[in-house]
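Here's the letter readout for the chains.
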2 protein chains.
Amino acid sequence: MDTRIKPVELAKAYRLINHGPTVLVSSRYAGTDDVMAAAWCCALDVDPPKLTVVLESTSKTRSLIEAGGEFVVQIPTVKQVELTRYLGTHSLGEQSDKLARSGVGIFDMPERNQPFVAGCSGWLACKIVREPHIQKQYDLFIADVDAAWADERVFSEGHWHFETADPGWRSIHHVAGGHFYAIGQPVISD
Amino acid sequence: MDTRIKPVELAKAYRLINHGPTVLVSSRYAGTDDVMAAAWCCALDVDPPKLTVVLESTSKTRSLIEAGGEFVVQIPTVKQVELTRYLGTHSLGEQSDKLARSGVGIFDMPERNQPFVAGCSGWLACKIVREPHIQKQYDLFIADVDAAWADERVFSEGHWHFETADPGWRSIHHVAGGHFYAIGQPVISD
């Protein structure tokens, strides 16, 4: 594991997604890994942290999550916009070598048997809270975040440093099709 | 109503929030208006559009929404960062003249008896889908979006135009405290 990836205090983990980035959702079950893109992931609670994520019923990632209960939410960067688009527009169900073709790099986090995507800025290890009604009715999943990490080059001491980090670290925010916006300048309200 | 505010096709309404902006949530019931800020609002479905929003049990806005079932989600701009912060850090329950003190401008939308915040870039008229378990357990609300509008100076033809509009129209994305990021440059994946 890259030594610049540092644990994030659990009470600050929500800040990794509070600004609404598009994320990558990855899961491993019974030897199968998948990674998908998701624009609809949102913080739900601060401490202990929870989040929501919408997972289409057709996605293979969802079936792995439903089987094993675990997944990782990670925040891709401007440098990963093509990767994010590929992972969001191809299905492992239809393309068995999707991950190899996407070029996604997977690394292991100690004591976690889940696929972590290399090159992202932050990672949240999640366990689903089973709520069958909303899963079935709305494709809406609730999860506990039980650990988080960030690359210290862009997030440290509980804060993003987009204004001073290389612009390649900025998060991407999906609008539609191949159209994303990168997060931009800081705006401070005193 | 400002003539530059135009209806948004319902199937494109999710694009107003797909990039994860911090929003203002307003509601009116029995003659009382309130407006709060919410970072945790997320699209849930495209067509017909749905969204989720997390509403703290202590907020007066939530009690108005629970009573009347209707509310408005609107997207504030860089110019409204102080307003957003004020509305997010003061409670109508503790400060009965909160709205007057905040300086928020409210306008009427024809045939809608809800308070719409002036100066925003987009508006989504919402009706809650009653899901008592998740409302109580997680403060999580699901809503149908039954109409949407945007200011044509920054959103038209189903797309944001942050790259060409005045930078004052950019959406704001809350991190923590008084710290927001404005959405920035376009990133296109072909």
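Please read these numbers as outputs of a predicted model, since none were measured by experiment.

Draft legend 1. Fine view of the interface of chain B and chain A. Of the residues lining the interface, 50 residues belong to chain B; the matching set on chain A comes to 50 residues. Of the roughly 4,300 Å² buried between chain B and chain A, counting both surfaces, carbon and sulfur atoms make up 59%. Where chain B touches chain A, the interface holds zero salt bridges. Counting every contact that joins chain B to chain A gives 20 residue pairs in polar contact (both at pLDDT 80 or more). Secondary-structure elements contributing two or more residues to the side of chain B that touches chain A are strand S4 (41-46), strand S5 (49-54), helix H2 (81-89), helix H4 (132-138), strand S10 (140-151), strand S12 (159-160), strand S13 (172-176) and strand S14 (179-188) of chain B.

Draft legend 2. Spatial organisation of the state of the cysteines. Applying the stated criterion across every chain yields a total of zero disulfides over all chains. Here Cys42 of chain A stays unpaired: no disulfide links it, and the sulfur of Cys42 of chain B, its closest cysteine neighbor, is 4.9 Å away. The class for Cys42 of chain A is buried, based on a relative accessible area of 6%.

Draft legend 3. Inspection of the UniProt feature "domain: Flavin reductase like" (unreviewed entry) in chain A at higher detail. Taken from the UniProt record, the annotation "domain: Flavin reductase like" (unreviewed entry) applies to residues 15-162 of chain A. Between the end C-alpha atoms of residues 15-162 of chain A the distance is 13 Å, and the span holds 20% helix and 45% strand.

Draft legend 4. Geometry of the environment of Asn113 of chain B. Residue and element names in this part refer to chain B. Positionally, Asn113 belongs in strand S8 (residues 112-117). Overall, Asn113 belongs to the exposed group, its relative accessible area being 55%. For Asn113 and Ser96, which are 17 residues apart along the polypeptide, the C-alpha to C-alpha distance reads 21 Å. A polar contact of 2.9 Å, which involves the side chain of Asn113, links it to the side chain of Arg28.

Draft legend 5. Geometry of the relation of the copies chain B and chain A. Under the fitted operation, chain B is carried onto chain A by 0.0 Å of movement along the axis and a turn of 180°, and the coordinates agree to an RMSD of 0.0 Å. Here the symmetry operator amounts to a two-fold rotation axis.

Draft legend 6. Looking closely at the side chain of Ser102 of chain A. For Ser102 of chain A, the position within the fold is in helix H3 (residues 98-102). With a relative accessible area of 14%, Ser102 of chain A lands in the buried category.

Draft legend 7. A look at the environment of Pro167 of chain A. Residues and elements named next belong to chain A. Looking at where Pro167 falls in the secondary structure, it is placed in the loop between strand S12 (159-160) and strand S13 (172-176). Overall, Pro167 belongs to the partly exposed group, its relative accessible area being 48%. With 89 residues separating them in the primary sequence, Pro167 and Val78 have C-alpha atoms 7.8 Å apart.

Draft legend 8. Main features of the sheet that holds S13 of chain A. Spatial ordering of the open sheet is given by S13(A)-S14(A)-S14(B)-S13(B), a layout of four strands whose pairing is antiparallel. Edge positions in the sheet fall to S13 of chain A together with S13 of chain B, since each of these pairs with one other strand and no more. Put simply, the sheet's adjacent strands are angled 40° from each other on average, direction ignored. Of the strands in this sheet, S13 and strand S14 (179-188) of chain A together with S14 of chain B touch helix H2 (residues 81-89) of chain A, which is tilted by about 130° from S14 of chain A. H2 of chain B contacts S14 of chain A together with S13 and S14 of chain B of the sheet and is inclined by roughly 130° relative to S14 of chain B.

Rules used throughout
- Residues numbered from 1 in each chain as written.
- Chains lettered and ligands numbered in written order.
- Predicted model: local features only at pLDDT ≥ 70, side-chain atom pairs only at ≥ 80, totals over all residues.
- Heavy atoms only, no water.
- Contact = heavy atoms within 4.5 Å.
- Buried area = accessible area lost by both parts, 1.4 Å probe.
- Salt bridge = Lys/Arg side-chain N within 4 Å of Asp/Glu carboxyl O.
- Polar contact = N/O pair within 3.5 Å; in protein donor to acceptor, adjacent residues only side chain to side chain.
- Helix = DSSP H or I, 4+ residues; strand = E, 2+ residues; numbered from the N terminus.
- Disulfide = S-S within 2.5 Å.
- Buried < 20%, exposed > 50% of the residue type's maximum accessible area, 1.4 Å probe, protein only.
- UniProt positions renumbered as here; feature names shortened; annotations may be inferred.
- Least-squares fit on C-alpha atoms with pLDDT ≥ 70 in both.
- Pairing = 2+ DSSP bridges.
- Axes fitted to C-alpha atoms, helices over the stretch in contact; angles between N-to-C directions.

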